[in-house]
Amino acid sequence: MVNYKLFTLAAVSLLLGLGACKPSYESPEFSKGEIDPTRFVMIGGIHTSGYMDDALYREGQENSLPALIAQQLSLVGGGAFYQPLVAEGSVGISFSGLSKMMLGYKTDCKGETSLSPVRVAGNGDASIWNDNTYNPSALFGNYGVPGLLMAYVSSPAYSNQNNYYKRMASSSTGSVLDDALATNLTFFSLFLGVDEVLKYAKSGAKDSTLLTAQEFEVLYAPIVSQMIANGAKGILATIPDVSKMPYFTTIPYNGLTLDAPNATTLNSVYNALGFSFQVGANPFMMIDPNANSFAVRQMLPGECLLLSVPLDSVKCNQMGVLFPLRNEFVLTNPELEFMRTRIQEYNTVIRSLATQHNLAVVDVDAFVSNLSDGFVYNGVSMSAKFVSGGAYSLDGVQFNPRGNALLANKFIQAINKQYHARIPELNAGAYNAILFP
Amino acid sequence: MAKKTLLLILFIPLFQVANAQGFQVNFQGQKQQGMGCAGSANYTDGSSLFYNPGAVAFSNENSVNVASTPVFANVLYVDSATGAGYRTNSPVGTPFSAYGLFQLKKDAALKFGLAVYTPFGSTVQYEDNWIGRFALTRLKLMAIFIQPTFSYRFTEKLGMGAGFVFSTGEVNLQKDIPVQDSLGNFAHAELSGKAMGFGYNIGISYKATDALTLGLTYRSQVNMAVNTGQATFTVPSSLTASFPNGTFSSSLPLPAVATFAVAYTFSKKWKAVLDVNYVGWKAYDTLAFDYANNTASLIDTKSARMYKNIMAFRGGVEHKIMDNLDVRLGGGYGFSPVQNGYVTPETPDKNRAYFTAGLSYRIGAHFSFDASVYYTQIKRTDKNLETNLNGTFTTKAIAPGFSFIYTW
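Calculation criteria
- Residues numbered from 1 in each chain as written.
- Chains lettered and ligands numbered in written order.
- Predicted model: local features only at pLDDT ≥ 70, side-chain atom pairs only at ≥ 80, totals over all residues.
- Helix = DSSP H or I, 4+ residues; strand = E, 2+ residues; numbered from the N terminus.
- Rg over C-alpha atoms; globule rule 2.2 N^0.38 Å.
- Contact = placed C-beta atoms within 7 Å.
- Buried ≥ 20, exposed ≤ 12 C-beta atoms within 10 Å, placed from the backbone.
- Pairing = 2+ DSSP bridges.
- Axes fitted to C-alpha atoms, helices over the stretch in contact; angles between N-to-C directions.
- Domains from an automatic or database assignment.
- Core = buried A, V, L, I, M, F, W, Y, C linked by C-beta atoms within 7 Å.
- Expected span 1.5 Å × (residues − 1).
- Parallel < 35°, antiparallel > 145°, perpendicular 65-115°, else oblique.
- Left-handed = near helix turned anticlockwise from the far one by under 90°.
- Nonpolar A, V, L, I, M, F, W, Y, C, P; charged D, E, K, R; others polar.
- pLDDT = per-residue confidence, 0-100.

## Quick word on the overall build of chain B
Phase 1: Within chain B, the regular secondary structure consists of three helices and 20 strands.
Phase 2: For chain B, the C-alpha radius of gyration of 22 Å lies close to 22 Å, the compact-globule estimate for 408 residues.
Phase 3: For chain B, the C-alpha atoms occupy an extent of roughly 70 × 40 × 40 Å along the three principal directions.
Phase 4: Put simply, of all contacts in chain B between residues at least 6 apart along the chain, 69% involve residues at least 24 apart.

Take a look at the structure:
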């Protein structure tokens, strides 16, 4: 009998011990490689600032590209990282003074209610523009300034021209570059040129042009030289083809859906001009002074209808049909080709400067292109589809926190490769994408 | 004494600390488990109904046999990009078996048997918010095989047996959906359903000499079909129309296993066994879910699994220490059916070596107690082609088992 008692006891203790039989976890060794991550500074435009959902606001800044990179650098010796943070709970402010957007319900001119980006408040938070956040004992690492054009990076008194810089400037006479250099940075990133291209693209190429590659280089090269003057290493970002972003791809060129009576009506108007319509999908009508004597034509495959187009006018008031779309809402094929060529030329400049100075390059252009094609990240399908794609915020141009985390990983990969570092990537799937009601 | 064994049994459900990994479970007989899960050639006890119905023809007893083998398995996943580690915290897997073996009279050539066992099944549960949550958070797979069997001793050397397998089971698969509500909570999908399948288990046992017995068995593939499973989605209210709750169908092939087995008796005290399995995992090429209500967001899925047929080698020895006590030692090597690019969180499998030990203790003429223990550790690094999950799974598993046999 005693034997069985002992045996039972032994068996029970054995079973108790088995729960503790676990593989042991050892954190992989991280290393900074050849960089000094003590003080990281990033200069850039809207994609660097943390602007998203068409506003600068707190959660966007907390998940800004440089903040996420700095968070990982801190695992290999990076120091404190400060940003010109907006107050918590603020509704944020857009270029045009509006609040941030959220996904809500909107009733269109036809009385149909659907999920749509809506502003969270009637007005933006103007105090953001008016209150200066500069603190000499907590110098910023994020010099991302929405709307920063190449020509203004070293421009003194730029705070008079840009409200987003005004709120973070060290003085009313300094420049973005001077402020950044004053931090005694040890590692840097430049993500410049995107706002240049966006200004052109978001206006439908209406009344701006683009720098030539030579002009671009003349502006870009001195910035690099000054950043590396004290021996800092860094990473340069290429400029993406912004026309692959949802702002430019969401409304199809042939999104004009007609039933038989409407097609007949339109044919009676337009057949005389040489245009015909059919039941189903048709290209929108647009204004094009070079098209013919009537200066109108149908949109062509590949052309972009911008998200800035007043959708109610399209749906209910014949915009894009009897009232052809104005140039500011369309990127035509020649405009797209011009822009894409320039972007490639800029990127050639950026790559050759990086090679010349032994700096890392992160291919943001490839990242935006991959998003456009779609890919799977740890079981999550990512794409450039508006709202559902998972990477872009509700403005269709800036990334959401998850998009920024994915892009931050690309920066980290490029840094690791160039500088033989082992900086861990972020788990981008844990960051917020669009929140649904 | 009965009280104490009861105590032991009662303890087991309390160990909600580990889980079984992989979905084939080779724990159907304690004597075989003690010898590296081999022993299909000759008759051992009621568990031969599973291992080789042909060998049952050489039994000469009635017996009832109940057994369980709690599986304590822990998985650690280390993500290659972030370096972060995540663990499973799933409940203990409890494969069990029960065998009844009967003959109408002493020395009858015909034997009847009924076997109930769980050759496949486990629960894998990953910790909350783990990096692969959009691939899998929890998978429960349970298949119970019920196998009525006839065995016939054709000659003093040749026995054959055949069993019909009716299988009933359930599956419950859960994962998070990368869609968030206004508070940032991720949506969740749960697919659950009852599954059914049919198959057979046949075997031959041949006593080549007094010392040498050969065995050949074939357990057929069983397709576990879920015809009306329930798909339940917890999503933000604005998306309920995109993810409608409803039914789904799916099926999972439980592969065929062909075994060639040898048993050799060296002396009254020493015996050795060897089994070679060929497992038809190739049948598991796709895991498909067909939803009754499709939407743009909820489309039918087909995930490539691309398993390959594999072999496994198992062997062990038995030594009689005393008249009423045997001890066993064994081990084996199994190739993994999971090819590179197809490793998933539900079966982070790899070629594996394992070790086992066991004992039998007989009390009087009718009663015996068997115990065994199994240990393995495997490590698999892979980048899954479908999810791009890229990291290393390390699994440790210990499975102590026991059985009670009453013969008359």
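## Notes on the overall build of chain A
Phase 1: Helix and strand counts for chain A stand at 15 helices and 16 strands.
Phase 2: In terms of its C-alpha atoms, chain A occupies a principal-axis envelope of roughly 105 × 70 × 40 Å.
Phase 3: Here chain A holds 437 residues, and 47% of them are scored as buried.
Phase 4: Sequence separation of 24 or more characterises 73% of the internal contacts of chain A that already satisfy a separation of 6 or more.

## Describing the sheet that holds strand β4 (residues 142-144) of chain A
Sheets are built from strands that pair by backbone hydrogen bonding, the pairs being arranged parallel or antiparallel.
Residue and element names in this part refer to chain A.
Phase 1: Strand order across the open sheet formed by five strands is β4-β1-β5-β6-β13, with parallel pairing between neighbours. Edge positions in the sheet fall to β4 and β13 (360-362), since each of these pairs with one other strand and no more. Across this sheet, the average inter-strand angle for adjacent strands is 15°, counted without regard to direction.
Phase 2: Summarising the sheet, strand β5 (residues 187-191) and strand β6 (residues 233-237) pair through four bridges and their orientation is parallel. The residue bridging S189 from the neighbouring strand is I235, located in β6.

## Focus on the domain arrangement of chain A
All names here are of chain A.
Phase 1: With domains assigned, chain A is organised as domain 1 (40-248 + 334-430) and domain 2 (256-331).
Phase 2: Inter-centroid distance (C-alpha atoms) of domain 1 to domain 2 is 34 Å.
Phase 3: Contact with domain 1, which involves 15 residues of that partner, is made by 12 residues of domain 2.

## Overview of unusual backbone geometry
Phase 1: For V387 of chain A, which is not a glycine, the phi torsion comes out positive at approximately 65°.
Phase 2: Examined against the element boundaries, V387 of chain A turns out to sit in the loop between β15 (380-382) and α15 (401-419).
Phase 3: Given 18 C-beta atoms within a 10 Å radius, V387 of chain A is considered partly exposed.
Phase 4: At N129 of chain B, a position not held by glycine, the phi torsion is positive, near 60°.

## Comments concerning the nonpolar core
Residue and element names in this part refer to chain A.
Phase 1: In terms of nonpolar packing, the biggest core is built from 204 residues, with V176, L190 and V197 touching the most fellow members.
Phase 2: At nine residues, the largest contribution of residues to this core is made by α15.
Phase 3: Formed jointly, this core draws a minimum of three residues from each of two domains, domain 1 (40-248 + 334-430) and domain 2 (256-331).

## Points about the pairing of strand β10 (residues 222-234) of chain B
Residues and elements named next belong to chain B.
Phase 1: Taken together, the six bridges between strand β8 (residues 186-207) and β10 define a ladder with antiparallel strand orientation. Considered in β10, the bridge of E190 is made with T232.
Phase 2: Direction of pairing for β10 relative to strand β11 (residues 246-254): antiparallel, over a ladder of eight bridges. Note that in β11 the partner of A231 across the bridge is G246.

## Regarding the environment of R39 of chain A
Residues and elements named next belong to chain A.
Phase 1: Looking at where R39 falls in the secondary structure, it is placed in the loop between α1 (2-18) and β1 (40-44).
Phase 2: Separated by 267 residues in sequence, R39 and L306 have C-alpha atoms that sit 39 Å apart.
Phase 3: R39 has contacts with G79, T183, N184, L185 and T186, leaving out every residue within four places of it along the chain.

## Some remarks on helix α13 (residues 333-357) of chain A
Residues and elements named next belong to chain A.
Phase 1: Helix length check: α13, at 25 residues, gives a terminal C-alpha distance of 36 Å against a target of 36 Å (1.5 Å per residue), a fit within 8%.
Phase 2: Among all positions in α13, only M339, R342, I343, Y346, N347, V349, I350 and A354 are buried.
Phase 3: Against the buried residues of α13 lie α8 (194-202), α9 (213-228), β6, β13 and α14 (364-373).
Phase 4: Looking at the residues trailing α13, positive phi occurs at N358, about 55°.

## A look at the pairing of strand β1 (residues 63-68) of chain B
Consecutive side chains of a regular strand alternate in pointing toward one face of the sheet and then the other.
All names here are of chain B.
Phase 1: Pairing of β1 with strand β4 (residues 96-102), which is carried by six bridges, proceeds in the antiparallel orientation. When the bridges of β4 are listed, S68 appears paired with F96.
Phase 2: Examined bridge by bridge, β1 and strand β20 (residues 390-407) share six bridges and lie antiparallel to one another. Its bridge partner lying in β20, V64 is registered against Y406.

## So, the packing of helix α4 (residues 65-73) of chain A against α15 of chain A
All names here are of chain A.
Phase 1: Put simply, α4 and α15 touch, their axes get as near as 9 Å, and they point 55° apart. In terms of orientation, α4 lies oblique with respect to α15. Along this stretch, α4 crosses α15, giving a crossing that reads as right-handed. Contacts between α4 and α15 involve L65, L68, I69 and Q72 from the first element and N404, A405, L407, A408, F411 and I412 from the second.
Phase 2: In the contact of α4 with α15, the residues fall into eight nonpolar, two polar and no charged.

## Notes on the confidence of the model for chain B
Residues and elements named next belong to chain B.
Phase 1: For chain B, the average pLDDT comes to 91, and 94% of its residues sit at 70 or higher.
Phase 2: In this model residues 1-22 is a low-confidence stretch, pLDDT under 50, and it forms 53 contacts with partners more than four residues away in sequence or in other chains.
Phase 3: For this predicted complex, the interface score ipTM comes out at 0.90, alongside a pTM of 0.92.

## As for α9 of chain A
All names here are of chain A.
Phase 1: With 16 residues, α9 ought to run about 22 Å at 1.5 Å a step, and its terminal C-alpha atoms sit 22 Å apart, in line with that.
Phase 2: Among the residues making up α9, those that are buried are F216, L219, Y220, I223, V224 and M227.
Phase 3: Against the buried residues of α9 lie α7 (176-181), β5, β6 and α13.

## With respect to the packing of α9 of chain A against α13 of chain A
Residues and elements named next belong to chain A.
Phase 1: One can describe the packing of α9 onto α13 by two numbers: an axis separation of 10 Å at closest approach and a directional angle of 30°. As summarised for this structure, α9 and α13 are arranged roughly parallel, according to the angle between their axes. Where α9 crosses over α13, the handedness of that crossing is right-handed. Seen from α9, the contacting residues are A213, F216, E217, Y220, A221, V224 and I228; seen from α13, they are E345, Y346, V349, L353 and H357.
Phase 2: Considered class by class, the residues forming the contact of α9 with α13 number nine nonpolar, one polar and two charged.

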